[in-house]
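# Observations on the model geometry
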Amino acid sequence: MAKKDIIGLIRENVIQGRVVQDDESLDGGMVGEPGVTELVEEALAKRLDVRDIINKGLTEAMTLVGQKFENKEYYIPDMLASAEAVGAAMKLLEPHLAQSGIKPKGKVLLATVKGDLHDIGKNIVTILLRGAGYTVKDLGNNMEPQSIVNAVRVEKPQFLGLSALLTSTMVNMGDTIQALEESGLRDNVKVIIGGAPVSEEYAKSIGADGYGSDGFQALAVIESLTST
Amino acid sequence: MPREGILISNPYKRITDEQVRQIHRASLQILVDPGLICFSKKAAEIFQSHGAEVSAVADADHPCWHIKIPEKLVMEALDSAPKTVKLGARNPDNALIMKGDEPRVFFISGSETNIWLDVDFPTYVRKSDSSGEIQVPEFHPRRATVADLCQSAHVCEHLETLDGYIRTVNIQDEDITGDNKDVNKFFASLNNTTKHVMSGLTSLEQLDNVVRMAELIAGGEEALKENPIISFITCLVKSPLQFVEDTTDAFIEICQRGLPVVVSSSPQAGTTAPIKEAGIMAQINAEVLAGITLGQLVNKGTPMLYGSVPVRARMDTLSDSYGSVETSQYNIDCVQMAQFYKLPNYSTSGVCDAKIPGQQASIERLFSDIVVTLSGPQFLHCAYGLLDCNAVFCLLQAVLDDAHFQMLKFFLNTPKINQPELAETMKQIKEVVATPQKLYIRYIRQVMRSGEITPPYPFEGDGESDNVFALAYQRMNELLAKPVEHIDPETTADIFREIPGLLPRLNVYKEGK
């Protein structure tokens, strides 16, 4: 398959939200045809330029997906499926970024705070961030402040995303930020919070750097903090 | 292919089968004792010639007869009345096939109100802060015109859930008279919708003109019989138990022509019928059976709908309380009676006591729409746009009602729970549980596009603002701007040439239009 064809197919499959060959396209077709994972593997085997795969394949596709979302042709599940496909591609491309001279966009640690098992929002943010090219480490849920601090120390992320669904657990976001302060790591990481009971005001009151009312806003906040 | 309507898989039953039989027996008893008073000489003669006991009422202000209808006549009529009734349409795909033993519901408009409710959205400025503005809907009632009837037929043509059109308003233009009302209301309706058109008849003298107009549109006398694009509503029995002269005479003529007809009765519990459920049910059922019996005696096999518009009286005004819970109970009971006789039922829901669109209107109409639909009447009328105890029609409300019926139709779809469906989702469960995010979101997409997921409420505002009326108004205007398929120019010319009394301004092909 020619280089252009593979890149074009990667783009098309991201738009269709197909991670692997077993996945269906939007209209239920394409099952058995290579998905983004198989296509990126093939592109790497053929030594295609990683920059082309990312810029002409993944990024161009996500731009189109974003336009379709704006035009109400696509809905959130479509965006997430495409982001998931990009996330799968980036995982395969990650080991090749350095030798291609591509600087990773940034690393994000995500966690649902102590006492809270609700992680749908955090999981959606994980998919969206990976789809946008961030390296994401998902620490899971019910995370003690000290465990999060330890992970920040080891992983050295640029961003920490904290999530909570309950009014009784959101206070643990503040405790986690406090623990970061006490460990001397607070200035190394930007802290973004999200979840149903929290707000912009609450984020400010506990000393967080940003607040995302939903997954898309969380991504937008991180993108804006990345560029500053 | 005719319209699908919505098939109710497990119709709600309010009364037991034994209670249905008890009402049936009580109604038969009422038809003999006390029987009915009949103000139509023709009807009295028909009953008498078929063995009913008929005697002139002495000392009455108007000539009238006392009629006792024996059970045998009623049972023969129930036997000969068709169990399947077709209501045709200009577009054959909009035909309605109603089977008395199949609870397939069709949603229909209604029902000749005198008042049309206009709406506009004036802007108000906040007293405390002149930069704060708000648009508030205002409703303005006025006498309805033939132009309003055209507009409502036009919008109803485009309302997806609406299966058939009953003229919504009573046309009261200055140039509309008793002699030309029928032809104009039928033409205005037929010319603006390709769905079935049903109406009452104002003047018996106009029946032949109306039927001839329908024949011209359908393609001749036989074609109209095959595809009855019009049908008639007749309230020939006025509660309690009186055959009125003019409607009964019109009913007899309609039956002679073999066109579909609704035998409707509208007793009011508390005033023209007993306040108790058992009483109003025994009476309304007797009244409808009396009408069906007469119609079948006139012309065996005339297609008929068992028409029921029972209501409870409002305690404060003694007007019809369509919004009362009891009204829905009576209507469901009537659905069950019609099902017992295996006759298609013309039932009622969606009318509210509220005078304008709003929360009360939504609550009252949605309540009756849901519960009456669940019982499975074949022809559910009054369901769009009616307010103020059936005195007012509002086109904006009809558009809002369409959204209600979208939800209701969706709710009543057939559950898809079967082995292939379960096998497919079991595969999904295994796949998702094995992923780190454990989300099923990717599987939404195909289902969403297949139409299996309800769309959001179409008039949802942004954030905390409630823009329901403004968005529905916008939708109403979009539908008005969308063209409808009028009757073709040649047929229109034939109609205007042959049918007297039509208003020239209704001819869309006339120069200057």
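Owing to the predicted nature of the structure, the values given are computational and were not obtained by experimental measurement. (Residues numbered from 1 in each chain as written. Chains lettered and ligands numbered in written order. Predicted model: local features only at pLDDT ≥ 70, side-chain atom pairs only at ≥ 80, totals over all residues. Heavy atoms only, no water.)

## Comments concerning the overall build of chain A
Helices and strands together make up the secondary structure of chain A, namely 9 helices and 5 strands. Ordered by position in the sequence, the α and β elements of chain A form the string α-α-α-α-β-α-β-α-β-α-β-α-β-α. Over its C-alpha trace chain A gives a radius of gyration of 18 Å, about what one expects of a compact globule, namely 17 Å for 228 residues. For chain A, the spread of C-alpha atoms along the principal axes amounts to about 55 × 40 × 30 Å. Looking at chain A as a whole, 49% of its 228 residues qualify as buried. (Helix = DSSP H or I, 4+ residues; strand = E, 2+ residues; numbered from the N terminus. Rg over C-alpha atoms; globule rule 2.2 N^0.38 Å. Buried < 20%, exposed > 50% of the residue type's maximum accessible area, 1.4 Å probe, protein only.)

## Quick look at the overall build of chain B
Broken down by element type, chain B carries 16 helices and 25 strands. A globule of 513 residues ought to have a C-alpha radius of gyration of about 24 Å, and chain B, at 24 Å, matches this closely. Each of the three principal axes of chain B carries a C-alpha extent, and together these read 85 × 60 × 55 Å. Looking at chain B as a whole, 54% of its 513 residues are labelled buried. Taking the intrachain contacts of chain B between residues at least 6 apart in sequence as the baseline, contacts between residues at least 24 apart amount to 73%. Carbon and sulfur atoms form 53% of the exposed surface of chain B, whose accessible area is close to 22500 Å². Mean positive and mean negative side-chain charge positions of chain B (47 and 66 charges, respectively) differ by 5 Å. (Contact = heavy atoms within 4.5 Å. Areas by Shrake-Rupley, 256 points an atom, 1.4 Å probe, with all protein chains shown as cover. Lys, Arg positive; Asp, Glu negative; His and termini not counted. Charge placed at Lys NZ, Arg CZ, Asp CG, Glu CD.)

## So, the layout of surface pockets
All names here are of chain B. The computed volume of the second largest pocket comes to approximately 760 Å³. Forming the walls of the second largest pocket are 31 residues, and the residues nearest its centre are Glu160, Thr161, Gln406, Lys409 and Phe410. Sorting the residues of the lining of the second largest pocket by element identifies strand 1 (6-7), helix 12 (395-411) and helix 15 (468-481) as the ones contributing at least two each. Across the lining of the second largest pocket, the residue classes tally to 15 nonpolar, 9 polar and 7 charged. (1 Å grid on protein atoms, 1.4 Å probe; cavity = no way out; pocket = protein on both sides within 12 Å on 5 of 7 lines; lining within 4 Å. Points joined across faces, edges and corners; volume = space filled by probe spheres on them. Nonpolar A, V, L, I, M, F, W, Y, C, P; charged D, E, K, R; others polar.)

## Some details on the pairing of strand 19 (residues 304-308) of chain B
All names here are of chain B. With 5 of 5 residues buried, strand 19 lies mostly within the body of the structure. Of the two faces of strand 19, the one carrying Met304, Tyr306 and Ser308 and the one carrying Leu305 and Gly307 are both buried. Taken together, the 2 bridges between strand 19 and strand 22 (residues 345-348) define a ladder with parallel strand orientation. Among the inter-strand pairings, Tyr306 is bridged to a residue of strand 22, identified as Asn345. (Pairing = 2+ DSSP bridges.)

## Examining the interface of chain A and chain B
Interface size is commonly expressed as the accessible surface area that is lost when the partners come together. If you look at the interface, chain A gives 21 residues, while chain B gives 9 residues. The three residues of chain A that bury the most area against chain B are Leu26, Pro77 and Asn123 of chain A, which together make up 34% of that side's buried surface. The closest approach of N and O atoms between Arg449 of chain B and Asp78 of chain A, which form a salt bridge, is 2.9 Å. Counting across the chain A and chain B interface gives 6 residue pairs in polar contact (both at pLDDT 80 or more). Contributions of two or more residues to the side of chain A that touches chain B are made by helix 4 (76-97) and helix 5 (120-131) of chain A. In terms of residues, the side of chain A that touches chain B owes the most to one element, helix 5 of chain A, which gives 6 residues. (Buried area = accessible area lost by both parts, 1.4 Å probe. Salt bridge = Lys/Arg side-chain N within 4 Å of Asp/Glu carboxyl O. Polar contact = N/O pair within 3.5 Å; in protein donor to acceptor, adjacent residues only side chain to side chain.)

## Considerations on the confidence of the model for chain B
Residues at a pLDDT of 70 or more form 99% of chain B, whose mean pLDDT is 95. The complex prediction reports pTM at 0.87, with the ipTM value standing at 0.78. (pLDDT = per-residue confidence, 0-100.)

## Remarks on empty space enclosed by the protein
In this approach, a probe sized like a water molecule rolls over the atoms, and the result shows the empty space that is left. Residue and element names in this part refer to chain B. If you walk through the whole model with that rule in mind, you get 1 cavity of 30 Å³ or more. Quantified by volume, the largest cavity comes out at close to 30 Å³. Tyr322, Thr327, Ser328, Asn331, Thr348, Ser349, Gly350, Val351, Ser368 and Val372 are the residues that line the largest cavity. Elements that contribute at least two residues to the lining of the largest cavity include exactly helix 10 (325-341) and helix 11 (359-375). In terms of residue count, the dominant contributor to the lining of the largest cavity is helix 10 (3 residues). Among the residues making up the lining of the largest cavity, the classes are represented as 3 nonpolar, 7 polar and no charged.

## Thoughts on the side chain of Asn191 of chain B
Residues and elements named next belong to chain B. By the element assignment, Asn191 lies in the loop between helix 5 (181-190) and strand 13 (196-200). On the basis of relative accessible area, Asn191 is assigned to the buried category, the value being 2%. Those residues in contact with Asn191, other than ones at most four positions away along the chain, are Arg90, Glu485, His486, Ile487, Leu506 and Val508.

## Considerations on the environment of Ser9 of chain B
All names here are of chain B. The topology assignment puts Ser9 in the loop between strand 1 and helix 1 (17-32). Owing to a relative accessible area of 54%, Ser9 belongs among the exposed residues under this scheme. Separated by 25 residues in the primary sequence, Ser9 and Pro34 have C-alpha atoms spaced 39 Å apart.

## Quick notes on the packing of aromatic side chains
Residues and elements named next belong to chain B. Within the structure shown, the criterion is met by 14 aromatic pairs over all chains. Aromatic side chains Phe47 and Phe243 sit 5.6 Å apart centroid to centroid with 45° between the ring planes, which places their arrangement in the tilted category. With Phe47 in helix 2 (residues 41-49) and Phe243 in strand 16 (residues 242-243), this residue pair connects regions lying 196 residues apart in the sequence. Both residues of the pair, Phe47 and Phe243, count as buried. An aromatic cluster is defined as three or more aromatic residues linked by ring pairs; in this entry it consists of Phe107, Tyr384 and Phe405. (Phe/Tyr/Trp six-rings, centres within 6.5 Å; stacked < 30°, edge-to-face > 60°.)

## Description of the sheet that holds strand 2 (residues 36-38) of chain B
Backbone-to-backbone hydrogen bonds join strands into a sheet, with any given pair of strands oriented parallel or antiparallel. Residues and elements named next belong to chain B. The mixed open sheet is built from 5 strands, whose spatial order is 3-4-2-16-15. Bordering the open sheet on either side are strand 3 (53-56) and strand 15 (237-238), each of which pairs with just one other strand. Two strands pair when backbone bridges link them, and strand 3 and strand 4 (residues 65-68) are joined in this way by 4 bridges, in the antiparallel orientation. Its bridge partner being in strand 4, Val54 is matched across the sheet by Ile67.

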